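Read off the chains here:
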Amino acid sequence: MFRLGVRSFSTFFKERFILSEEVKHGLSLNHPVVALESTVITHGMPFPHNLELAKSLEEIVRSENCIPATICLLDSKICVGLNENQLSLIAHKNSGAVKASVRDIPNILAQGKIGGTTVASTMFIAQKAGIKVFATGGIGGVHRYAEESFDISADLIELSRTNVAVVSAGVKSILDIAKTLEFLVNKFPGFYVPESPYKAPFAYDSLDKIAEVLDTSDQLGLKNGHLIACPIPNEFAADGAMIEAAIERATLESRNERIQGKDVTPFLLQRLNELTQSASLKTNIELLKNNARIGAKLAKEYAKRRRNSLQPISSVSYNKSPAHTQSNISKPTHPTSNKPKILCIGASIVDYEIVSHQDVKVSFYNTSS
């Protein structure tokens, strides 16, 4: 009979959590850090486009004087902040990487495989690391014909229970946007196109207001996530009718071939790229860059408020990773205070839509279950 001892939470994270020196240093000083997923690298795009994109996203975040933290499972460790060699390793077509949602993390760590983190697992890990803002492409949701397949992304579940702000281009167009918004709860963006027929009821005119909402949620002790949907700039938007026709065809093919579970999204994105002659890939790259830029700006606004926050940035200590370039950061003052004791009972769903200083509409979803 096997007898399993129980290790402390902090011991596990010391052994398995690897923060780059750059990320660790930034978090210790409350400097803005932006989490980036790795599934878009391991499964979302072909090589070498995926590697070029990964580097571009990190450069965009750094151009806003923020620290990028690409998250991945590597060598039986949870890595937060990757160096160039690690990025190249996971981007290579022969990496053997697997998609890693939250439920997959223990198995992938045990097997020592490369795990490309999804929106759900990136949110989960970012929160554990003390990172508030996460920039991605589009979130998963309720798949088309879900009434038959019951295929609903774990991203939505994680949004209901993980206090991270997810900056996205909305729900992936390959999904059922209407059913996804019903699950979550001016016009909600349609991933490849700036608008869909679905609306968010509240509007703000600055990212500072969203940062205020995030900080207030922290002070109240709320546990739910926040979905910020950024329409892709018009100059990069794909032809909506052409994209929709390709999605319908790819979806029908996936059903005919009985593709299910975590294999559905990679299949649909690959077929969409083929059917649109790479138009969808180009648009996808631009929206990811746009989200990284807006995510970095939001992280800066949030960090300003967090410096006067009642809570420490993180209570977990971690192992060190190989040396990374240190950011030129001045140390802020950290006031001390007791954390308020607040009891929250019930559920809340609050939706916002904002227009940023850069004239970019942003829909905001504060979700809980």
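Just so you know, these numbers come straight off a predicted model, no measurement behind them.

Trainee: Honestly, the overall build of the protein chain in this entry has me stumped. Any pointers?
Mentor: Looking only at helices and strands, the protein chain features 14 helices and 13 strands. Out of the 369 residues belonging to the protein chain, those deemed buried represent 54%. A total of about 17100 Å² of accessible surface is found on the protein chain, and carbon and sulfur atoms cover 51% of it.

Trainee: What should I look at first to understand empty space enclosed by the protein in this one?
Mentor: Of the pockets and cavities examined, the second largest cavity occupies roughly 50 Å³. Every residue along the wall of the second largest cavity is listed here: Leu36, Glu37, Val40, Ile41, Asn50, Leu53, Ala54, Leu57 and Thr70. The set of elements that each furnish at least two residues to the lining of the second largest cavity consists of α3 (39-44) and α4 (49-63). The element best represented in the lining of the second largest cavity is α4, accounting for 4 residues. Counted by class, the lining of the second largest cavity contains 6 nonpolar, 2 polar and 1 charged residues.

Trainee: Please clarify how the pairing of strand β4 (residues 77-80) should be interpreted in this entry.
Mentor: Taken residue by residue, a regular strand's side chains alternate between the two faces of the sheet. With 3 bridges connecting them, strand β1 (residues 17-19) and β4 associate as parallel partners. Within the sheet, the bridge partner assigned to Phe17 lies in β4 and is Ile78. As paired elements, strand β3 (residues 67-74) and β4 share 4 bridges and run antiparallel to each other. Residue Cys72 lies in a different strand from β4, and its bridge partner there is Cys79.

Reading the values: the criteria
- Residues numbered from 1 in each chain as written.
- Predicted model: local features only at pLDDT ≥ 70, side-chain atom pairs only at ≥ 80, totals over all residues.
- Heavy atoms only, no water.
- Helix = DSSP H or I, 4+ residues; strand = E, 2+ residues; numbered from the N terminus.
- Buried < 20%, exposed > 50% of the residue type's maximum accessible area, 1.4 Å probe, protein only.
- Areas by Shrake-Rupley, 256 points an atom, 1.4 Å probe, with all protein chains shown as cover.
- 1 Å grid on protein atoms, 1.4 Å probe; cavity = no way out; pocket = protein on both sides within 12 Å on 5 of 7 lines; lining within 4 Å.
- Points joined across faces, edges and corners; volume = space filled by probe spheres on them.
- Nonpolar A, V, L, I, M, F, W, Y, C, P; charged D, E, K, R; others polar.
- Pairing = 2+ DSSP bridges.

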